[in-house]
Amino acid sequence: MISKKNVEEVLEKLQSRDWVRNVQVMGNKIMLDAVSPSPAMHDKKKLQDALTRAMIDHFPKAEVEVRVSVKAKEEVPQIKGNKIEGIKNIIAVASGKGGVGKSTVASNLAVTLYKMGFSVGLLDADIHGPSLPVMFDVLDARPVSVDVDGKNKMQPVEAYGIKLLSIGFFAQLNQAVVWRGAMASKALHQLIHDANWGKLDFLIVDLPPGTGDIQLSLVQEVPVTGAVIVSTPQHVALADARKGVSMFQLESINVPVLGIVENMAYFTPPEDSDKKYYIFGQGGARNLAEQLDVPFLGEVPLVQSIREAGDVGRPAALQQDTAVRDAYYAIAQNMVESLAERNEHLPPTEMVRITTMAGCSK
């Protein structure tokens, strides 16, 4: 197993530590950000090749993948995006893989926070697979244009007290959004910055699954206050959830993880409310939270009414099922407590500096 300490020891032996400003290790992937003393292209390439070869030579049995980004010393990193005036906290709801109920958790978390007395917005950042128009029964709604200080802004659609924006409002239900990463990132920028969000205690951002373009674009666009990771208990989902936590904890991203939610935790048959069947395994997300030393926010049972509520466009947290409402309330309360601790002990999150990852070798 390669560790960050191992890599730093190699750099010290090579007397290259002064040139490397950032070291990240994820499994067999080593990512280095280096600064060349010379702006000349051939000097930067020489340093990149030397660092790549050094890592491969020192970890020959690990089938290591090395990514080295080199910039000249005088280059100033670009920062994109601006803080959204009037929004106190931006919360990213993420998952390592699809199908774990992330959008359902994001929707019900938003509704529960609103019921607790907070002002809430919900942004559907899943550009290729938007689901919030269906889950809030606003398929036919369209944001209108409003004048804000001489600028045209989109007015979010409102449902159940939540301000909503989604690319789904601008496409037909059966219309596929076939865009490359740059176009999707531009659309996300417009949904964030060209909207009249007003004053919000929370802007919940429902991210697509994975750790790709949209996730990186979000942390470049705005200072994300914290992230909530959603997983189901089985090992395949937990492995991807671990990657989701790792992404936000990267030194170059550095977004605090407020906690992990275990969705579809267990099934209780209606005819026997005392029994719990752990269909996908028991306590997987709770154990992962303990291993990674992040808060465990709570668990949501596998209940038919949650699925039905999403299908008819009325989030389950609004329903009469007290077990479901209590589950989401506990998660929201624990998240708020985790957020309060984060805001008390940590400085505001900065937007991510843009780097180009190059020199991928094996």
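Just so it is clear, the model here is predicted, and its values are computed rather than measured.

Criteria and cut-off values
Along each chain, the written sequence defines residue order, and numbers are assigned to residues from 1. A pLDDT threshold of at least 70 governs which residues receive local features in this predicted model, and a stricter bar of 80 or more applies before side-chain atom pairs are shown or counted, although totals over entire chains, interfaces and linings include all residues. Only hydrogens and water are set aside when side-chain values are computed; all heavy atoms of the structure are taken into account. Among the buried residues, those of types Ala, Val, Leu, Ile, Met, Phe, Trp, Tyr and Cys that are joined through side-chain atoms within 4.5 Å form a nonpolar core. Each residue is placed in one exposure class: buried if its accessible area under a 1.4 Å probe, protein chains only, is under 20% of its type's maximum, exposed if it is over 50%, and partly exposed if it falls in between. Helix and strand definitions follow DSSP, with helices as H or I runs of at least four residues and strands as E runs of at least two, each counted in order from the N terminus. By definition, residues are in contact when any of their heavy atoms lie within 4.5 Å. Any two strands between which DSSP finds at least two bridges are classified as paired. Between the N-to-C directions of two axes lies an angle of 0 to 180 degrees, each axis being a line fitted to C-alpha atoms and, for a helix, fitted only over the stretch in contact. Only Phe, Tyr and Trp rings take part, Trp by its six-membered ring, and two of them pair if their centres are within 6.5 Å. Stacked means planes under 30 degrees apart, edge-to-face means over 60, and tilted covers everything else. A ring is considered to have a charge above it if a Lys NZ or an Arg CZ atom is located within 6 Å of its centre and within 35 degrees of its normal. Salt bridges are defined as contacts in which a side-chain nitrogen from Lys or Arg sits within 4 Å of a carboxyl oxygen from Asp or Glu.

Enquirer: Just checking my understanding: could you explain the nonpolar core for this structure?
Expert: One recurring pattern in soluble globular proteins: nonpolar side chains tend to sit buried together. Judged by nonpolar contacts, the single largest core of 44 residues is most densely connected at Leu123, Trp197, Leu203, Leu207, Leu218 and Phe248. For this core, the secondary-structure elements that each account for two or more residues are strand S4 (87-94), helix H5 (181-193), strand S10 (200-206), helix H6 (213-221), strand S11 (226-231), helix H7 (235-249), strand S12 (257-262) and helix H8 (284-292). Among residues more than four places away in sequence, those in contact with Leu123 are Leu132, Leu165, Leu188, Leu191, Ile192, Trp197, Leu203, Ile204, Val205 and Asp206. Residues Leu113, Val157, Val230 and Leu339 belong to the second largest nonpolar core, which totals 41 residues.

Enquirer: Sorry, what's going on with the sheet that holds strand S2 (residues 29-36) here?
Expert: To summarise the sheet geometry, strands pair through backbone hydrogen bonds and adopt either a parallel or an antiparallel arrangement. In space, the three strands of this open sheet follow the order S1-S2-S3, with mixed pairing throughout. Since the sheet does not close on itself, it has two edges, and those belong to strand S1 (20-26) and strand S3 (65-72), each with one partner. With strand direction ignored, the average angle separating the axes of adjacent strands in the sheet is 10 degrees. Of the pairings in the sheet, the one linking S2 to S3 comprises eight bridges and is parallel in character. Note that in S3 the partner of Val35 across the bridge is Lys71. Most of the contacts of helix H2 (residues 41-58) go to S3, to which it runs at about 155 degrees, and overall it touches S1, S2 and S3.

Enquirer: Is there a simple way to explain the pairing of S4 in this structure?
Expert: The side chains of a regular strand alternate, residue by residue, between the two faces of the sheet. The buried fraction of S4 is high, at seven of eight residues. Bridge count for S4 against S11 is four bridges, and the pairing is parallel. In the strand pairing of S11, Ala94 is matched with Ile229.

Enquirer: What is the right way to look at unusual backbone geometry in this model?
Expert: A negative phi angle characterises most non-glycine residues, just as the trans form characterises most peptide bonds. Phi angles above zero are rare outside glycine, and Tyr160 is one such case at about 55 degrees. Within the secondary structure, Tyr160 is located in the loop between strand S8 (157-159) and strand S9 (162-166). Despite not being glycine, Asp293 has its phi angle at roughly 60 degrees, a positive value. Of note, Asp293 is situated in the loop between H8 and strand S13 (296-299).

Enquirer: Is there a simple way to think about the packing of aromatic side chains in this case?
Expert: The geometry of two aromatic rings is summed up by the distance between their centres and the angle between their planes. Taken as a whole and assessed by the stated rule, the structure comprises three aromatic pairs. Here the aromatic rings of Phe136 and Tyr160 are separated by 6.1 Å at their centres, their planes lie at 40 degrees, and the arrangement is tilted. Highlighted residues: Phe136 in the loop between helix H4 (132-135) and strand S6 (144-148) and Tyr160 in the loop between S8 and S9, separated in sequence by 24 residues. Exposure remark for Tyr160: the relative accessible area of 29% places this residue in the partly exposed category. The cationic tip of Lys276 hangs over the ring face of Tyr266; the distance from NZ or CZ to the ring centre is 4.4 Å.

Enquirer: What's the story with the environment of Asp140 in this structure? I'm lost.
Expert: Its place among the elements puts Asp140 in the loop between H4 and S6. Relative accessible area serves as the criterion here: at 75%, Asp140 is assigned to the exposed category. With 74 residues separating them along the chain, Asp140 and Val66 place their C-alpha atoms 48 Å apart.

Enquirer: Looking at this structure, how should I read the pattern of salt bridges?
Expert: Two side chains that carry opposite charge are able to pair once their charged atoms sit near each other. Taken as a whole, this structure holds eight salt bridges when the rule is applied. Lys102 is paired through a salt bridge with Asp206; the nearest N and O atoms lie 2.9 Å apart. In this pair, Lys102 is assigned in helix H3 (residues 102-115) and Asp206 in strand S10, connecting sequence segments 104 residues apart. Among the residues examined, Lys102 registers a relative accessible area of 6% and is labelled buried.

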